Amino acid sequence: MTGISATPNSGPDPLVERRDRAFGRGAKLFYDEPLHLVRGEGASLFGADGRRYVDMYNNVPCVGHAHPRIVDAMARQQATLNTHSRYLSEPAIALAERLTALQRVTESAVFSCSGTEAIEIAMRMARMATGARGIVCSDHTYHGNNTVVGALTNLPAGDKRHADVRSIPFPETLRPLVPGLTGEALADAYVARLLAAIEDLKAGGQGFAALILCPILANEGLPDIPETFMAKAAALVREHGGLIIADEVQAGYGRSGTWWGYDHVGLTPDIVVTGKPMGAGLPLAATTAKRAVVERFRAETRYFNTFAASPLQGAVGCTVLDVIKEEGLVEHARTLGAELKAALRQRLGLTPGLLDVRGKGLFLAAEFVDADGNPDAPRAFALVCALRENGFLTSVDGAFNNCVKIRPPLVLPREDALAFLDAFDRVTAHA
Ligand SMILES: Cc1ncc(COP(=O)(O)O)c(C=O)c1O
């Protein structure tokens with residue numbers, strides 16, 4: 001496959017060699033030929049090769065690259081005052097008030113600087129609130145990269161490496177846990193695995209503190225799930241004295257066409273974790289819960305985080321909320337996402353190897369299989385590389401890495417979405 005880079009077919013890119021020395025070889029790069037980007041604006045990214053690419057990967061600056069209001073808020077606050085959190089300052093308080101009001105189910109916030117930190121805080125909060133240690137997660141999840149949170153990453157169901165963590169098969173209708181089961185019966189089969197995990201943690205003396213899930217199962221590949229699973233799982237968790245932690249790091253902030261992923265699945269979480277888009281690039285994450293849960297955590301830890309809950313985080317975080325609201329981005333993600341998904345679904349049965357198109361809002365997955373119906377990860381990767389050559393930046397996703405992940409900024413113009421469909425047709429025309 002021919003690639004487009006600063007030095008096409010002329011030996012190793014000198015910047016790649018510098019990077020390998022500077023970072024140490026092994027720091028992952030996207031695509032078969034690395035892409036060197038130099039500028040961003042809205043949904044567009046511009047390469048050192050002089051080309052414009054549409055950002056269909058995004059995640060962090062969901063309000064668009066270099067949004068003038070975010071740039072202005074960041075510069076103004078930095079030029080006025082930026083301190084740690086042990087002085088009275090209005091912007092961070094305002095952000096906590098606005099965030100919890102939007103979430104409806106939470107009251108107070110602990111700010112931090114990454115999703116990993118915020119998830120670890122959530123786990124500690126749940127353990128303090130319940131007096132138990134056991135956490136249950138899905139078997140194809142990612143919630144962060146430190147030792148405690150990393151224990152949840154892709155932990156196979158039944159794996160007992162970590163005494164206080166158990167995973168359960170993630171719910172899905174495409175490849176049901178018990179072949180042939182659907183609806184209520186399938187939901188019950190997954191919930192039975194949750195019960196077994198809870199009982200195992202209790203039998204091992206860890207007790208049960210929380211179930212942690214991304215409500216739209218982003219890292220699991222956005223599967224469609226049995227409709228009643230979340231409600232049944234939540235009831236079971238509560239029956240066993242546990243809390244529900246909703247990881248909204250990817251699902252939240254309008255990404256899925258509603259403010260929160262839990263709005264889609266009928267889940268009322270006890271603890272909510274937000275991150276990535278919160279600061280549009282400024283490191284900013286939050287763990288929110290009822291005031292009593294947060295105050296217990298504060299009393300037991302005296303938690304302090306140097307760069308968190310600062311006036312800068314507050315000012316930028318509030319401006320991100322303003323932009324999403326005033327530009328109607330949640331509604332835009334909902335309507336344009338629905339249009340894009342419907343258009344891609346029309347290709348089912350026509351596009352070679354396309355097995356499924358799913359997702360919510362502007363967060364979609366297109367899953368590919370080979371002629372025998374097996375997950376086709378090489379094809380998905382080849383398509384992602386070909387889409388990049390056509391000017392659209394995506395990546396692979398899903399439990400088998402056989403999905404093309406489509407997650408543009410919430411400001412994606414409709415004409416870029418339509419152009420993406422043309423590019424999708426071009427690159428998928430052949431199996
Ligand atoms: C669902 C989810 N939770 C948490 C994290 C961790 O966030 P961070 O990379 O900011 O630590 C990620 C990162 O990809 C994520 O996808």
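Conventions we followed
Residues numbered from 1 in each chain as written. Predicted model: local features only at pLDDT ≥ 70, side-chain atom pairs only at ≥ 80, totals over all residues. Heavy atoms only, no water. Helix = DSSP H or I, 4+ residues; strand = E, 2+ residues; numbered from the N terminus. Rg over C-alpha atoms; globule rule 2.2 N^0.38 Å. Buried < 20%, exposed > 50% of the residue type's maximum accessible area, 1.4 Å probe, protein only. Contact = heavy atoms within 4.5 Å. Areas by Shrake-Rupley, 256 points an atom, 1.4 Å probe, with all protein chains shown as cover. Lys, Arg positive; Asp, Glu negative; His and termini not counted. Charge placed at Lys NZ, Arg CZ, Asp CG, Glu CD. Pairing = 2+ DSSP bridges. Axes fitted to C-alpha atoms, helices over the stretch in contact; angles between N-to-C directions. 1 Å grid on protein atoms, 1.4 Å probe; cavity = no way out; pocket = protein on both sides within 12 Å on 5 of 7 lines; lining within 4 Å. Points joined across faces, edges and corners; volume = space filled by probe spheres on them. Nonpolar A, V, L, I, M, F, W, Y, C, P; charged D, E, K, R; others polar. Domains from an automatic or database assignment. Near = heavy atom within 4 Å. Polar contact = N/O pair within 3.5 Å; in protein donor to acceptor, adjacent residues only side chain to side chain. Buried area = accessible area lost by both parts, 1.4 Å probe. Salt bridge = Lys/Arg side-chain N within 4 Å of Asp/Glu carboxyl O.

### Structural notes on the overall build of the protein chain
Turning to step 1, where the next piece is worked out: The secondary structure content of the protein chain amounts to 13 helices and 15 strands.
Turning to step 2, where the next piece is worked out: Taking 22 Å as the expected radius of gyration for a compact globule of 431 residues, we find that the protein chain reaches 22 Å, a close match to that expectation.
Turning to step 3, where the next piece is worked out: Dimensions of the protein chain, computed from C-alpha atoms along their principal axes, come out at roughly 60 × 60 × 45 Å.
Turning to step 4, where the next piece is worked out: Expressed as a percentage of the 431 residues in the protein chain, the buried residues total 54%.
Turning to step 5, where the next piece is worked out: For the protein chain, long-range pairs separated by at least 24 residues make up 73% of all intrachain contacts whose partners lie at least 6 apart in sequence.
Turning to step 6, where the next piece is worked out: Taken as a whole, the protein chain presents about 18100 Å² of accessible surface, with 54% of it coming from carbon and sulfur.
Turning to step 7, where the next piece is worked out: For the protein chain, the centre of its 44 positive side-chain charges and the centre of its 48 negative side-chain charges are spaced 4 Å apart.

### Details of the sheet that holds strand S7 (residues 208-213)
Turning to step 1, where the next piece is worked out: Pairing is mixed across the open sheet formed by seven strands, whose spatial order is S4-S10-S9-S8-S7-S5-S6. The open sheet has two free edges, formed respectively by strand S4 (108-112) and strand S6 (165-168), since each of these has just one partner strand. Pairwise comparison of adjacent strand axes, ignoring direction, gives a mean angle of 20° for this sheet.
Turning to step 2, where the next piece is worked out: Judged from the five bridges that link them, S4 and strand S10 (residues 285-289) form a sheet pairing that is antiparallel. Note on S10: the bridge partner recorded for Ala109 is Thr288.

### Quick look at empty space enclosed by the protein
Turning to step 1, where the next piece is worked out: In total, this model carries two cavities of 30 Å³ or more according to the counting rule given.
Turning to step 2, where the next piece is worked out: Estimated volume of the largest cavity: approximately 80 Å³.
Turning to step 3, where the next piece is worked out: Lining the largest cavity are 13 residues, with Arg175, Glu220, Arg358, Glu367 and Ala399 sitting closest to its centre.
Turning to step 4, where the next piece is worked out: Across the lining of the largest cavity, the residue classes break down as six nonpolar, two polar and five charged.
Turning to step 5, where the next piece is worked out: Composition of the lining of the largest cavity by domain shows at least three residues from each of domain 1 (14-63 + 328-428) and domain 2 (68-326).
Turning to step 6, where the next piece is worked out: For the lining of the second largest cavity, a count of residues per class yields four nonpolar, three polar and one charged.

### A short note on the layout of surface pockets
Turning to step 1, where the next piece is worked out: Its boundaries defined by the atoms lining it, the largest pocket holds a volume of some 930 Å³.
Turning to step 2, where the next piece is worked out: In terms of lining residues, the largest pocket is bounded by 36 residues, among which Tyr57, Tyr142, Asn219, Gln250 and Lys405 are the most central.
Turning to step 3, where the next piece is worked out: Within the residue set of the lining of the largest pocket, elements represented by two or more residues are helix H4 (115-130), helix H12 (377-389) and strand S14 (395-397).
Turning to step 4, where the next piece is worked out: Among the residues forming the lining of the largest pocket, the class breakdown is 14 nonpolar, 15 polar and seven charged.
Turning to step 5, where the next piece is worked out: Composition of the lining of the largest pocket by domain shows at least three residues from each of domain 1 (14-63 + 328-428) and domain 2 (68-326).

### Describing the side chain of Ser112
Turning to step 1, where the next piece is worked out: Within the secondary structure layout, Ser112 lies in strand S4.
Turning to step 2, where the next piece is worked out: Setting aside chain neighbours within four positions, we find Ser112 in contact with Glu117, Ala118, Ile121, Pro283, Leu284, Ala285, Ala286, Tyr303, Asn305, Ala308 and Gln313.

### Details of the pairing of strand S15 (residues 403-406)
Turning to step 1, where the next piece is worked out: Where burial is concerned, the two faces of S15 agree: the one with Cys403 and Lys405 and the one with Val404 and Ile406 are both buried.
Turning to step 2, where the next piece is worked out: Note: strand S12 (residues 363-368) against S15, four bridges, orientation antiparallel. Each bridged residue has a counterpart across the sheet, and for Leu364 the counterpart in S15 is Ile406.
Turning to step 3, where the next piece is worked out: The pairing of S14 with S15 spans three bridges and is antiparallel. The residue bridging Asp397 from the neighbouring strand is Cys403, located in S15.
Turning to step 4, where the next piece is worked out: Counting the residues that bridge the hairpin from S14 to S15 gives five residues, and of these Gly398 lies at a positive phi of roughly 100°.

### Digging into the site of the ligand
Turning to step 1, where the next piece is worked out: The environment of the ligand is made up of Ser114, Gly115, Thr116, Tyr142, His143, Gly144, Asn219, Asp247, Val249, Gln250 and Lys276.
Turning to step 2, where the next piece is worked out: Residue Gln250 places a side-chain N or O atom 2.8 Å away from an oxygen atom belonging to the ligand.
Turning to step 3, where the next piece is worked out: One of the side-chain nitrogen or oxygen atoms of Lys276 is found 2.8 Å away from an oxygen atom of the ligand.
Turning to step 4, where the next piece is worked out: Burial of the ligand by the protein chains amounts to 83% of its free accessible area of 390 Å².
Turning to step 5, where the next piece is worked out: Across the shell around the ligand, the residue classes break down as two nonpolar, seven polar and two charged.

### Concerning the environment of Gln103
Turning to step 1, where the next piece is worked out: If you trace the backbone, Gln103 turns up in helix H3 (residues 90-103).
Turning to step 2, where the next piece is worked out: Looking at Gln103, the relative accessible area reads 0%, which means it is buried.
Turning to step 3, where the next piece is worked out: Leaving out residues up to four positions away in the same chain, Gln103 has contacts with Trp260, Tyr262, Val272, Thr274 and Thr288.
Turning to step 4, where the next piece is worked out: For Gln103, the side chain forms a polar contact with the side chain of Thr288, separated by 2.7 Å.

### Observations regarding the domain arrangement of the protein chain
Turning to step 1, where the next piece is worked out: The assigned domain composition of the protein chain is domain 1 (14-63 + 328-428) and domain 2 (68-326).
Turning to step 2, where the next piece is worked out: Taken together, the contacts link 33 residues of domain 1 with 31 residues of domain 2.
Turning to step 3, where the next piece is worked out: Summed over both partners, the interface of domain 1 with domain 2 comes to about 2500 Å²; 60% of that surface belongs to carbon and sulfur atoms.
Turning to step 4, where the next piece is worked out: Together, Val330, Lys360 and Phe363 form the three largest contributors to the area buried by domain 1 at its contact with domain 2, with a combined 24%.
Turning to step 5, where the next piece is worked out: On inspection of domain 1 and its partner domain 2, the count reaches one salt bridge.
Turning to step 6, where the next piece is worked out: Glu367 is paired through a salt bridge with Arg175; the nearest N and O atoms lie 2.6 Å apart.
Turning to step 7, where the next piece is worked out: Inspection of the region where domain 1 meets domain 2 yields twelve residue pairs in polar contact (both at pLDDT 80 or more).
Turning to step 8, where the next piece is worked out: For the side of domain 1 that touches domain 2, the elements supplying multiple residues, two or more each, are helix H11 (329-345), strand S11 (354-360) and S12.
Turning to step 9, where the next piece is worked out: With five residues, S11 is the largest single contributor of residues to the side of domain 1 that touches domain 2.

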